[in-house]
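# Summary of the model geometry
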Amino acid sequence: MGTGVGERTPDTTRRGVGHARIHRAPIRSRASWPTWLAFGLTVLFLANTALVATGVTQSFDARAVHALRPGDMWGPSQLRWAPWMSRLRPQHMYIALAGTSLLMSVWRRSPWPLAFGAVLAGASAGLTVLLKFVFERPDPHGFVTPTGGSYPSGHIIAVVVCLGGCLLVVWPRVHWWLWTPVVTAAALMSASLLTAAAHWPTDVLGGVLLALVVVSASSRLRLRRRACESRSATERSARP
């Protein structure tokens, strides 16, 4: 025979009404979307790298370069787009990141923005140089420069990482529309590299993927959170 609402049973009498044991599901930490984005981009970059290393993409690259610069001639497309290669050169991009990081360090009276910029620049430049020397891929003209091969494109990596790093060091939360200048600059650099036949298309793709991996992964660093805080806020959070 069941009991009515509010009636006592031996079990409720022993534990008290309203104190029944509650089973709570364990709380599981979930990876944020930038972490999953970095993981997915890493997989794509490794796949692209494997295809380039095994020569699977070479015929596609050759056809694309011939279509973008027929007969290796310098024409209207090259005159229109090639200057962006110089305007957005890696030296200019790293100077922009260093200047922005220094400015935010002075503004927030904290060394962390400058430290974050240095780590971001060092990681991207180190990975780029390492991969260039590992693969030593000749460019569309058959040359391998003293700074390494053609894969991945250091020009596009510098543009995406440095301009993306400027956003990450200035704004604690970067809204999607703030990435418009980064996308525009990357598109201009890509058009310049491809129409001038300075890089193979898969070099540019590999550079974009690697740069996005670095940017998305660095956005979750504790160092970046500190870089976006003022010195007084950092000192308050450090107090017991």
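Use the structure listed above.
Scope of this entry: the structure provided in the associated data block. Computed from a prediction, not measured in an experiment: that's the story for all the values here. (Residues numbered from 1 in each chain as written. Predicted model: local features only at pLDDT ≥ 70, side-chain atom pairs only at ≥ 80, totals over all residues. Heavy atoms only, no water.)

### A few points about the overall build of the protein
Summing up its helical and strand segments, the protein has twelve helices and zero strands in all. Order of helices (α) and strands (β) in the protein, N terminus to C terminus: α-α-α-α-α-α-α-α-α-α-α-α. Considering only contacts in the protein between residues 6 or more positions apart, those separated by 24 or more positions represent 76%. Counting every atom, the protein has about 14700 Å² of accessible surface; 67% of that belongs to carbon and sulfur. (Helix = DSSP H or I, 4+ residues; strand = E, 2+ residues; numbered from the N terminus. Contact = heavy atoms within 4.5 Å. Areas by Shrake-Rupley, 256 points an atom, 1.4 Å probe, with all protein chains shown as cover.)

### Notes on the pattern of salt bridges
Under the definition given, this model contains three salt bridges. Across the pair Asp72 and Arg69 runs a salt bridge whose closest N-O atoms are separated by 3.3 Å. Judged by its relative accessible area of 40%, Asp72 falls in the partly exposed class. Here Arg69 falls in the buried class, since its relative accessible area comes to 12%. Connected through salt bridges with shared partners, the residues Asp61, Arg137 and Asp203 form a single ionic network. (Salt bridge = Lys/Arg side-chain N within 4 Å of Asp/Glu carboxyl O. Buried < 20%, exposed > 50% of the residue type's maximum accessible area, 1.4 Å probe, protein only.)

### Here we look at the packing of helix α8 (residues 154–170) against helix α9 (residues 180–195)
Helix-helix packing is characterised by the crossing angle of the two axes and by the distance between the axes. Two elements in contact, α8 and α9, have axes separated by 9 Å at closest approach and are oriented at 170 degrees. With respect to α9, the axis of α8 lies roughly antiparallel. Across the interface between the two elements, His155, Ile156, Val159, Val160, Leu163, Gly164 and Leu167 from α8 touch Val182, Ala185, Ala186, Met189, Ser190 and Leu193 from α9. Partitioning the contact of α8 with α9 into residue classes produces ten nonpolar, three polar and no charged. (Axes fitted to C-alpha atoms, helices over the stretch in contact; angles between N-to-C directions. Parallel < 35°, antiparallel > 145°, perpendicular 65-115°, else oblique. Nonpolar A, V, L, I, M, F, W, Y, C, P; charged D, E, K, R; others polar.)

### Points about the environment of Val213
Summarising the element assignment, Val213 is placed in helix α10 (residues 201–218). Val213 sits in the buried class, given a relative accessible area of 15%. As a C-alpha pair, Val213 and Leu41 span 172 residues in sequence and 5.9 Å in three-dimensional space. Among residues more than four places away in sequence, those in contact with Val213 are Ala38, Leu41 and Thr42.

### Focus on the side chain of Asp139
Looking at the element boundaries, Asp139 is found in the loop between α7 (112–135) and α8. No salt bridge is formed by the buried Asp139; the nearest opposite charge belongs to Lys132, separated by 9.1 Å. (Lys, Arg positive; Asp, Glu negative; His and termini not counted.)

### A few points about the packing of α8 against α10
Running from N to C, α8 and α10 point in directions that differ by 20 degrees, and their axes come no closer than 8 Å. It follows that α8 is roughly parallel to α10 by the angle criterion. For the pair α8 and α10, the sense of crossing is right-handed. Every residue of α10 that contacts α8 at Ile156, Ile157, Val160, Val161 and Leu168 is listed here: Val204, Gly207, Val208, Leu210, Ala211, Leu212, Val214, Val215 and Ser218. By residue class, the composition of the contact of α8 with α10 is twelve nonpolar, two polar and no charged. (Left-handed = near helix turned anticlockwise from the far one by under 90°.)

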